[in-house]
Amino acid sequence: MYNMTEHNALDIAADFINTTAKHIFLTGKAGTGKTTFLKTLGERTHKSFLIVAPTGIAALNAGGVTIHSQFQLPLGTYLPTKQLPDTSAALGNFYTSEILARRHPISSVRRQVLRTIDLLIIDEVSMLRADLLDAIDYRLRSIRGNHNKSFGGVQVLMIGDLYQLPPIVKDYEWNHLNTYYPSAYFFESLALKRDGFVQIELDKIFRQSDNRFISLLNNLRENRVTHEDIDLLNAHYRSKQEIEQIKGIITITTHNHKADDINRFELNRLPGKVRKYEALVEGDFPESIYPISASLELKVGAQIMFIKNDTGHEARYYNGKLAEVVELPDDGIVVKMADQDELYKIKRYEWENKRYKINERTREIEEEVIGTFAQYPIKLAWAVTVHKSQGLTFDAAIIDVEGAFASGQVYVALSRLRSIDGLVLRSLIHPGAISNDQKVVEFSANKLSHSALIQQLEVQQAQYVRELLTSCFDLGPLLKELQYKFNPKEEQVELDSEEMQNPLHTIQLALKENEKYTAPFTAQLLDHLAQQNLEKLMMRYQSGAQYFSELLEKQVKLLLKHIEQVKLLDRKKGYLNDLQELHQLMHKKLEELEKTSVVIEGILKKQPIVVDKNLSVRTQVGSWMDEAKEQVRKEPGKWKSSTKSLSKKSTAKGESVLETVRLFKQNKSIEEIARLRELKVGTIEDHLMKAVVEEKMDITDWLTTEEIEVISKAWQDAPESGTKHIYELLGERYTYGKIRAVKALKFSKAK
């Protein structure tokens, strides 16, 4: 059994991830190791995962991507209803699941990634609003075709500290959100309330060792501040004249303009010329996610702070370490570390903007670097805001929280310090300025005790084993995919060769024929489980896994050959994407069959789960693809057909636009129309653009008012730009078709 102490809370969190499907909120006070756990999770789990965060900076720090980019969500407020209220529609930045499906189709690459994952990690979840979490839930249920489980059956790990800065919600947004949510915090999400989650708190504090200070910070978190606490804090108040004599420490203040004013004032006081260092930006790295200013202005004598940990073996600096600039050569910046006489030459650090994609040969998720930002990892550090101090550690700091405007600001500022001995207060602290949101305090107080947490783990492990045994041999999702996308009764894809249609029909028949065996076989497995006959269970499982793996392997090889054939055809991109998505599902099922026995045996025997990263299906799929390519290469050129011979009967351009509009008005998404009409998504968007310009439909049937305003402003600010520039300027949030449509309607007519 587990001995749940503050020293093994991280192990318990890892057990919940690896041996259950339960959603998890991993929290803890500042300095308890949440970030370290995230960085090392890849070594501790057998599950396929991706990392997202609410903001670009948070995503960079976590080594992931933003929620909006991965799930292709529009900016605005998600309402968990089908129809927008009349009052919200006028404001223009609200959307529903129906609007997501119709106006914001998700790309095939992202669909494949989201169908592959077992675990979604959301970092800095304290900033995440409940409505955005429910938008993620809708996307995953829709993409994975699993509407019975929250997040489409994906386990969600949420990491953060609710006592940090809260989510931002504007008054007019809350006027609509309060119909669905008691508060804006993520834990009010309807998806989480439906299936529940477990809260695991890390208790061991690594940042502070001062017991007086730890006790005071705990009281701050839980709204239990005493007069003694206030007196202890205010004993560190210093007058303006006294503070002016203090050198070499940083000021933490509440507002950006205060921090900027202090840094600019102190820099101007220094003698000598300003030296500028410009960032080196390559590829796709939007300004909105710059981790630091692209233009760094310094003088000799400037007080700076590192914003990254040193990745070298000497670990000369850490995030929040202060130093003084002593030289400004062309090839680096020479500094003297605080409290040290030794000089150190800083080199540029390179941040990477990534996206997730599927490796074509292994079919596994991998990161692709799409842009880089290289700059010296420092910033002027006479002052920093409370918000930007999150995650930093200081030996000493001047705290100026007069005018604190958000709950938790005082706690965040104070918890940056290692010890109260390093505290200097610029203004006295009053009890009214340090309260935390009572909803957060009440929510945090409801966490399970240590013993209850262990009991919950064992219950969830038993349920997880049953779910694995039930789902592993279920062919229903594959048959559903074949029925939905490749039903011959639907007018979706017309191939002029019956031979080319046969592979999908053969696959469907093979799966359908064997589906009748899955229910009784699963019942046998569950019976062995109920009788706790592990030996029989594993023997029977291995036998079934071998049979179904051989069945699926044969179908995958047929599918891969068909994919290679279709690659030689014209105007089949939508159909090809559908085939790739089917391949991804079949590959995922093969992986499940191979590794589930290891997972189940590890859980039942209470042993570590060690899944070979080089599963045989991962190593073999590349050779299967090569075989398929070689087979198609050796065949006659019968697959190479002209666009004309493979296209449907020619349709006049005007009629084609009207047909697209007709389908769109039937509430079909752009992706669905593209599949039905065997055209590219871009072509469908071009049809909609023409329909808008020719007044055959209103642009608000396609774009929200907010989208129109945002895109219009971008064109107004850069009227001579090309569509690609506007697309990049807007952070790739809007499709080329939408950008062209707004320009055509708003500007072409004006001319």
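A short tour of the structure in this document, coming up. Please read all numbers here as calculations on a predicted model, not as lab measurements.

**Overview of the overall build of the protein**
The helix and strand inventory of the protein stands at 30 helices and 22 strands. In summary, the protein has a C-alpha radius of gyration of 29 Å against a globular reference of 27 Å for 751 residues, a match within 12%. Seen through its C-alpha atoms, the protein measures out along the principal axes to roughly 90 × 80 × 55 Å. Expressed as a percentage of its 751 residues, the buried residues of the protein come to 52%. Counting contacts in the protein only where the partners sit at least 6 residues apart, residues at least 24 apart contribute 75% of the total. About 34600 Å² of surface is accessible on the protein, with carbon and sulfur atoms providing 49% of the total. Charge centroids of the protein, computed over 102 positive and 103 negative side chains, lie 3 Å from each other.

**As for the nonpolar core**
Formed by 101 residues in total, the largest nonpolar core has its most connected members in Leu 120, Ile 122, Ile 136, Leu 157 and Phe 186. Top contributing element to this core by residue count: helix H8 (residues 130-144), with seven residues. Excluding anything up to four places from it in sequence, Phe 186 contacts Phe 25, Val 125, Leu 128, Arg 129, Ala 130, Leu 133, Met 158, Leu 162 and Leu 192. Among the nonpolar cores identified, the runner-up in size contains 49 residues, and Leu 469, Leu 479, Ala 510 and Leu 585 belong to it.

**Digging into helix H26 (residues 670-677)**
The periodicity of an α-helix, 3.6 residues per turn, causes residues three or four places apart in sequence to face the same way. With seven of eight residues buried, H26 is to be regarded as a mostly interior element. At the exit of H26 stands Glu 678, carrying a positive phi of roughly 55°.

**Examining the sheet that holds strand E8 (residues 197-202)**
The sheet built from six strands is open, its strands ordered E3-E2-E6-E7-E1-E8 with parallel pairing. The sheet terminates laterally at strand E3 (65-66) and E8, the two strands that pair on one side only. Helix H1 (residues 9-19) contacts strand E1 (23-28), strand E6 (119-122), strand E7 (155-159) and E8 of the sheet and is inclined by roughly 155° relative to E8.

**Re the side chain of Arg 129**
Relative to the assigned elements, Arg 129 resides in the loop between E6 and H8. Within polar-contact distance, the side chain of Arg 129 engages the backbone oxygen of Ile 168 at 3.0 Å. Filtering out sequence-adjacent residues up to four positions away, Arg 129 remains in contact with Gly 76, Thr 77, Pro 167, Ile 168, Val 169, Glu 173, Leu 177, Ala 184 and Phe 186.

Scoring rules and cut-offs
Along each chain, numbering runs from 1 in the same order as the chain's sequence is written. For a predicted model such as this one, the threshold for reporting local features is a pLDDT of at least 70, and the threshold for listing and counting side-chain atom pairs is 80 or more; totals across whole chains, interfaces and linings nevertheless cover every residue. Note that water and hydrogens are dropped before the side-chain values are worked out from all heavy atoms of the structure. Helix and strand assignments follow DSSP, with helices taken as H or I runs no shorter than four residues and strands as E runs no shorter than two, numbered in order from the N terminus. Computation of the radius of gyration draws on C-alpha atoms alone. For the globule rule, the value is 2.2 Å times the number of residues to the power 0.38. Three labels apply to residues, based on accessible area from a 1.4 Å probe with only protein chains included: buried if under 20% of the type maximum, exposed if over 50%, partly exposed otherwise in between. The contact rule is simple, with two residues in contact once any of their heavy atoms fall within 4.5 Å. What sets the accessible areas is the Shrake-Rupley method with a 1.4 Å probe; for residues, cover comes only from the shown protein chains. We count Lys and Arg on the positive side and Asp and Glu on the negative side, and we leave His and both chain ends out. For the purpose of locating charges, the reference atoms are NZ of Lys, CZ of Arg, CG of Asp and CD of Glu. Nine residue types can take part in a nonpolar core, namely buried Ala, Val, Leu, Ile, Met, Phe, Trp, Tyr and Cys, and a core is a set of them joined through side-chain atoms within 4.5 Å. Pairing between two strands is assigned when DSSP locates at least 2 bridges connecting them. Interaxial angles span 0 to 180 degrees and are taken between N-to-C directions of axes, which are lines fitted to C-alpha atoms, for helices over the stretch in contact. Polar contact criterion, stated in full: a pair of N or O atoms within 3.5 Å, where within protein one must be able to donate a hydrogen and the other to accept it, and residues adjacent in sequence count only if both atoms are side-chain atoms.

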